[in-house]
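# Observations on chain architecture
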Amino acid sequence: MPGGMAKVFVPCEKSSGETRVAAVPETVKKLVETGFTVSIEKGAGSNAHIPDESYESTGAAIVEGDVPWFEADLVLKVAPPTVEEASRLKKGSTLVAFIAPHRNLEVVEKLAGGEVSTLAMELIPRITKAQSMDALSSQASLAGYKAVVLAATKLGRYFPLLMTAAGTIPPAKVVIMGAGVAGLQAIATAKRLGAVVEVSDIREAVKEQVVSLGGRFIELPMKESGEGSGGYAREMGEDFLTKQREIVTKHVAAADVVITTAQIPGKKAPVLLTREMVEKMRPGAVVIDMAVESGGNCEMSRMDEEVTTARGTRIIGISNLPATAPDDASLLYARNVLTLVTYLAKEGKLVFDMNDEITRETLLTHEGRVVHEPTAALMKGAG
Ligand code: NAD
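Looking now at the sheet that holds strand S3 (residues 61–63). Each strand in a sheet pairs with its neighbour through backbone hydrogen bonds, running either in the same direction (parallel) or in the opposite one (antiparallel). An order of S3-S2-S1-S4-S5-S6-S18-S19 is seen for the eight strands of this open sheet, with the pairing classed as mixed. A single partner strand is all that each edge strand has here, and the edge strands are S3 and strand S19 (369–370). Two elements, strand S1 (residues 7–10) and strand S4 (residues 74–76), share two bridges in a ladder whose sense is parallel. Pairing of Val 8 across the sheet is with Leu 74, part of S4. The strands touched by helix H5 (residues 105–113) within the sheet are strand S5 (94–97), strand S6 (117–120), strand S18 (363–366) and S19, with S18 carrying the most contacts at an inclination of about 45°.

The following block contains the structure:
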């Protein structure tokens, strides 16, 4: 291998509640076959139920201490590094992780200053060619599934229509707000469990998908399209959101479960459920706010807490739902990372071709600069 094999390091995730790991034995095996030397920090897979021995049997070394950080050419992570972790990375090395750059400007500054090339998993373009690298989608889908399962566990009722010897139980009513990747999986899961599902979104394009999954689309008076760029939603004005809340209120008041997933990339999540709306919900109803990390779709949700109203409606805001299914979340994330790495690898090293759309869009820092324009602009504003 010219210049020796690139060293890959997979550290333990240290941030609280992060149970995932960025490589699994299946992907490590492929990295080794591609020509990388792979080191896994002792215990890195333990929360995802992967023992060290499973990694070792694929040709990886199990390591401890800070040295592997300093020596690595490529570090694979799930959660954003701390500033301290970022400062350990050697000049010219590459980091692959979710970075949430707008919330972690200090980390981004450290990475750029340290001449680290950062591939931010949330920046993978939503194009067909990059679908198998799309970690936002793989994790959102799992989160949508888990949100429904969690709601079903919390709810003191059945989801399906049941005709029993003791009489009939009507199906649970589930309202899902935001039918992106997470919302669509939530619809499918709630339908599988037998609930009646109603859905609100501002992109007309999703209506067909909602209906094909068996959901009912709540029509909104759209004077202008909610379609933004890259298939995402755009930020709607306060007048629209007020009107939307008026229409959705009666659906929410009749619901057993409300799951909110609405997000606008790089912006605070829109408020879809006000306190007034939640107070109209029935006792025992459950709200799962999946946008709690970006400010929340529900005025009453609190990050990683369960809030109970005076009438007994519960609002649950879990910031990291994929981490509640660490085994599959890690497997899918690790495959997304592997696809990206093998896409960029030439003879056991990563090559960055700025004419390539995936490379250009995913790079956050490169050669000492913040190359992702929106983040660079935020940093200028902050500095
Ligand atoms: P997201 O997490 O940014 O948002 C979730 C949903 O919330 C979106 O459907 C959005 O329209 C909706 N929303 C925003 N404001 C709202 C409001 N006021 N009321 C109701 N809903 C609101 O979205 P996402 O899941 O990351 O993906 C969005 C879309 O991107 C997908 O549905 C798809 O069209 C596209 N996409 C394409 C690819 C690909 O081609 N490879 C992959 C993934 C996603």
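There is more to say, and it comes next.
Turning our eyes to something else, we now look at helix H1 (residues 25–34). Where H1 is concerned, the buried positions are Pro 25, Thr 27, Val 28 and Leu 31. Angular distribution of buried residues about the axis of H1 spans 160°; they occupy a single face of the element. The secondary structure elements touched by the buried residues of H1 are strand S2 (37–41), helix H2 (52–56), S4 and helix H11 (326–344). Of the residues one or two after H1, Gly 35 is the one with positive phi, at around 115°.

This part is about helix H13 (residues 373–382). By the burial criterion, the buried members of H13 are Thr 375, Ala 376 and Met 379. Buried residues of H13, seen end-on, are gathered within an arc of 100° and therefore sit on one face of the element. More than 90 degrees from the buried face of H13, the exposed residues found are Glu 373, Pro 374, Lys 380 and Gly 381. For H13, the elements touching its buried residues are H5, S18 and S19.

Let us now look at the pattern of salt bridges. For side chains of opposite charge, pairing can occur when their charged atoms come near one another. Per the stated rule, a full pass over the model turns up 18 salt bridges. The closest approach of N and O atoms between Glu 13 and Lys 77, which form a salt bridge, is 2.6 Å. Note that Glu 13 is positioned in the loop between S1 and H1 and Lys 77 in the loop between S4 and helix H4 (83–88), a separation of 64 residues in sequence. This pair shows no difference in class: Glu 13 is buried, exactly as Lys 77 is.

A few words now on the site of the ligand. Around the ligand, a shell composed of 24 residues is seen, among which Arg 126, Val 181, Asp 201, Arg 203 and Gln 244 lie nearest. Residue Gln 244 places a side-chain N or O atom 2.7 Å away from a nitrogen atom belonging to the ligand. The contact in question runs from an oxygen atom of the ligand to an N or O atom on the backbone of Gln 263, over 3.4 Å. Alone, the ligand offers 840 Å² of accessible surface; in the complex the protein occludes 86% of this. Tallied by class, residues from the shell around the ligand come to 11 nonpolar, nine polar and four charged.

With four of five residues buried, strand S9 (residues 173–177) lies mostly within the body of the structure. Relative to strand S10 (residues 196–200), S9 runs parallel, the two sharing five bridges. Bridge assignment links Ile 176 to a residue of S10, and that residue is Val 199. Handedness of the crossover is the feature at issue here: the chain leaves S9, passes through helix H7 (residues 181–192), returns alongside S10, and the resulting connection is right-handed. As paired strands, S9 and strand S12 (residues 257–260) are joined by four bridges and run parallel to one another. By the bridge assignment for S12, Val 174 is matched with Val 257.

Covered by surrounding structure in strand S15 (residues 314–317) are Arg 314 and Ile 316 together with Ile 315 and Gly 317, the residues of both alternating faces. Sheet analysis places strand S13 (residues 286–289) next to S15, joined by three bridges and oriented parallel. Residue pairing across strands places Ile 288 opposite Ile 316, the latter belonging to S15. Sheet analysis places strand S14 (residues 305–308) next to S15, joined by four bridges and oriented antiparallel. From the neighbouring strand, Thr 308 faces S15, where its bridge partner is Arg 314. The hairpin turn running from S14 into S15, its antiparallel successor, is five residues long, and Gly 312 in that turn takes a positive phi close to 95°.

Quick notes on the rules
- Residues numbered from 1 in each chain as written.
- Predicted model: local features only at pLDDT ≥ 70, side-chain atom pairs only at ≥ 80, totals over all residues.
- Heavy atoms only, no water.
- Pairing = 2+ DSSP bridges.
- Helix = DSSP H or I, 4+ residues; strand = E, 2+ residues; numbered from the N terminus.
- Contact = heavy atoms within 4.5 Å.
- Axes fitted to C-alpha atoms, helices over the stretch in contact; angles between N-to-C directions.
- Buried < 20%, exposed > 50% of the residue type's maximum accessible area, 1.4 Å probe, protein only.
- Arc of directions from axis to C-beta.
- Salt bridge = Lys/Arg side-chain N within 4 Å of Asp/Glu carboxyl O.
- Near = heavy atom within 4 Å.
- Polar contact = N/O pair within 3.5 Å; in protein donor to acceptor, adjacent residues only side chain to side chain.
- Areas by Shrake-Rupley, 256 points an atom, 1.4 Å probe, with all protein chains shown as cover.
- Nonpolar A, V, L, I, M, F, W, Y, C, P; charged D, E, K, R; others polar.
- Right-handed = clockwise from strand over helix to strand, strands pointing away.

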